[in-house]
Amino acid sequence: MRIATYQYQGRRQVGLVSEDGATVRTLQFDAPRSRRGALSLIEERATGATQLPPTGEPVPLGEVRLEAPLPMPRRNIFCVGRNYHAHAKELSASVFKNNAAKVDTWPIVFTKVPECVIGPNDEVRLPGESISAQIDYEAELAVVIGKGGRNISREDALSHVFGYTIVNDVTARDVQMRHQQWDLGKSFDTFCPMGPWIVTADEMDGTRTRVRCWVNGELRQDGQTTDFIFDIPTLIETCSRGITLHPGDVIATGTPAGVGMGLTPPQYLKAGDVVRIEIDGLGTLENRFV
C-alpha cells in the first residue's frame, strides 16, 4: 500500500494511493484519527487490526494537497550520520573529523525534533545568514517502525518495519560544526521535508533501492542502499538497544555522497533553489527553499 496524508475538503485526511499514482481513496477515519495522519493506521495495525477502514470514492491526486505522511511524528526522528563510504570520505576532514576513523565500528546516531517535519511541496525556510549561511541537503530513505520492541535482534529487525518514506535531512553545516552534538543544526523549523507517502514493506524492499537527489535539475547524489555501511537490520538493532521503539517511529538511514558541503568549492542552498529527491519504489519529494 501507499498511505498518504493530505488536505482535502478543508481537513486532514488519510488515504490509499492507487498503483498508478493517479488517485487516492480516503480512509473513513474520524477527525481525531485523521489529525494524526498515517500514525493512526500504523498504531491500529500494531494492535493486531487486519481490516482496513472503509474507503471512499477515488479522488484525483491533483485535487488534494499532500502533507508529510507523519505530520507530527510521535517523538524525535532517529537519524544516522555516516552510512555510505563515499559520504564518509567526502566529509572526513570536516563533519566527521572527530568521529572514529574506523567507520564501521558503530553508527553515528542523532535526532531531529518532530516539529521540523513538513510535507512534499512545502517551502523550506532559510534562517537568514546571521543564524546560518551554510544550509545543505541530504537525501535519505527513512524506515517507519510498525511493530515496537526493545533490544530487537538483527535477525528479527525487518519484521518490525511497517514501511518506508523519503526525508531530506536539511542541515545548517556551520551550526552543526559549532556544537559537538548535531541536533541544533539539524532541527531548524521546516528542516525535515517528508513524503510523498509511506510505501508498506510488503511492496518495497528498502534494503535494495536507489536514492537520488537533484538541486535545480542538477544530479548531485546517486546511491544504492546496498552500499550502506550499516544495513537496515543493524540500524534497528542499534536504535533499540535499551530503548523501546514504538509504532510510527522513524529512522533516517543516512545520505549518499554529493552533499553541498562535500563539493569543491562547497555549494550551499540559497533562496529559490529546488531540491528534488527520488527513491525507486517510493516516489518523489520536492521542496523549494525560500
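To keep things clear, this report deals only with the structure shown in the data block.

Basis of the calculations
- Residues numbered from 1 in each chain as written.
- Predicted model: local features only at pLDDT ≥ 70, side-chain atom pairs only at ≥ 80, totals over all residues.
- Heavy atoms only, no water.
- Helix = DSSP H or I, 4+ residues; strand = E, 2+ residues; numbered from the N terminus.
- Buried < 20%, exposed > 50% of the residue type's maximum accessible area, 1.4 Å probe, protein only.
- Contact = heavy atoms within 4.5 Å.
- Phe/Tyr/Trp six-rings, centres within 6.5 Å; stacked < 30°, edge-to-face > 60°.
- Lys NZ or Arg CZ within 6 Å of the ring centre and 35° of its normal.

## Structural notes on the environment of Ile77
1) Next: As for its placement among the helices and strands, Ile77 is situated in strand 6 (residues 77-80).
2) Next: Classification of Ile77 as buried rests on a relative accessible area of 2%.
3) Next: In this structure, the C-alpha to C-alpha distance between Ile77 and Phe110, residues 33 residues apart in sequence, is 8.3 Å.
4) Next: Beyond its immediate stretch of four places on either side in the chain, Ile77 contacts Phe110, Thr111, Lys112, Val117, Cys192, Met194, Val250 and Ala252.

## Side note on the packing of aromatic side chains
1) Next: Tallied over the entire structure, the rule returns three aromatic pairs.
2) Next: Both rings, one in Tyr84 and one in Phe228, keep their centres 5.2 Å apart while their planes meet at 80 degrees; by these two values the pair is edge-to-face. Residue Tyr84 is located in the loop between strand 6 and helix 3 (85-90), and its partner Phe228 is located in the loop between strand 15 (218-224) and helix 6 (232-239); the two are separated by 144 residues in the primary sequence. Each member of the pair Tyr84 and Phe228 is classed as buried.
3) Next: Sitting over the face of the ring of Trp214, Arg276 holds its NZ or CZ atom 4.2 Å from the ring centroid.

## A short note on helix 2 (residues 39-46)
1) Next: For helix 2, the full list of buried residues reads Leu39, Ser40, Leu41 and Ile42.
2) Next: Residues of helix 2 that are buried make contact with strand 1 (2-8), strand 3 (23-27), helix 1 (31-35), strand 10 (139-145), strand 11 (161-168) and strand 13 (192-200).
3) Next: Positive backbone phi, at 105 degrees, marks Gly48, one or two positions downstream of helix 2.

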